[in-house]
Amino acid sequence: IKKVVLKNLRKVIGAVFLIEIVIFIIQWQVGLGIFGEVLESFGIKVNAEAILWMMVLSVFIVAIFLSLGVYLAARNFRYEFYNDRLLAFENAMMVMVKSREISYENIARILYRTSGFINKDSSSGTITLHLSGTDRSNIELDFIDNVKQVAENIQSIITRFRYVKQAQFTENYRINKVLGKF
């Protein structure tokens with residue numbers, strides 16, 4: 001969740017920076033007194049310096065509230081791997097929203113990538129599990145540390161599951177063949 005908040009916080013800070021630049025360019029080119037003239041037509045008297053500081057302060061206050069909202073709304077995903085299935089839990093605002101059970105039989109392919117500014121900056125990556133036989137075509141595990149090793153571990157879990165399934169099938173086939181003789 002820290003990486004998601006960091007990513008969104010960078011976006012908010014970038015937006016605040018751009019808005020502040022626009023405000024200072026307006027002040028430099030035409031002056032914020034133009035807003036004072038508009039307000040004076042409604043009978044409100046203000047000075048340009050007060051408008052400048054009020055705009056700067058309001059942008060910072062909005063940015064603080066947006067950052068807090070981003071932190072509270074950031075989704076937290078938790079994945080639990082068992083011998084025969086994957087449980088994916090999605091949380092928002094520290095409350096569990098949804099859980100999903102995925103059988104390893106439905107995972108068709110595993111891919112990982114480390115592209116993207118945030119992934120390179122935080123030494124993490126994204127693992128994509130391509131699914132078949134479900135209502136979703138894939139599940140993405142975002143901001144995974146040691147992405148290559150984790151993808152290999154997931155692949156070995158799935159491979160082990162498939163070996164066990166094949167062994168069970170073979171054993172049941174042999175038992176049924178022996179019992180069929182009697």
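Note that the coordinates shown come from a computational prediction; the quantities given were computed from them, not determined experimentally.

Looking at this structure, how should I read the overall build of the protein?
Within the protein one finds five helices and six strands. Reading the secondary structure of the protein in the N-to-C direction produces α-α-α-β-β-β-β-α-β-β-α. For the protein, with 182 residues in total, the buried portion stands at 25%. Residue pairs in contact within the protein that sit at least 24 positions apart in sequence constitute 39% of those at least 6 positions apart.

Please explain the packing of aromatic side chains as it appears in this structure.
The relative placement of two aromatic rings is captured by the distance of their centres and the angle of their planes. The full count for this structure, using the stated rule, is one aromatic pair. With 5.6 Å between their ring centres and 70° between their planes, tyrosine 104 and phenylalanine 161 make a pair best called edge-to-face. Of this pair, tyrosine 104 sits in the loop between strand S3 (95-103) and strand S4 (107-113) while phenylalanine 161 sits in helix H5 (residues 147-180), and the two are 57 residues apart along the sequence. Each member of the pair, tyrosine 104 together with phenylalanine 161, is buried. The ring of phenylalanine 89 has arginine 78 sitting right over it, with the charged end atom 4.2 Å from the ring centre. The ring centre of tyrosine 82 lies 4.6 Å from the NZ or CZ of arginine 85, which sits over that ring.

What counts, and at which threshold
Residues numbered from 1 in each chain as written. Predicted model: local features only at pLDDT ≥ 70, side-chain atom pairs only at ≥ 80, totals over all residues. Heavy atoms only, no water. Helix = DSSP H or I, 4+ residues; strand = E, 2+ residues; numbered from the N terminus. Buried < 20%, exposed > 50% of the residue type's maximum accessible area, 1.4 Å probe, protein only. Contact = heavy atoms within 4.5 Å. Phe/Tyr/Trp six-rings, centres within 6.5 Å; stacked < 30°, edge-to-face > 60°. Lys NZ or Arg CZ within 6 Å of the ring centre and 35° of its normal.

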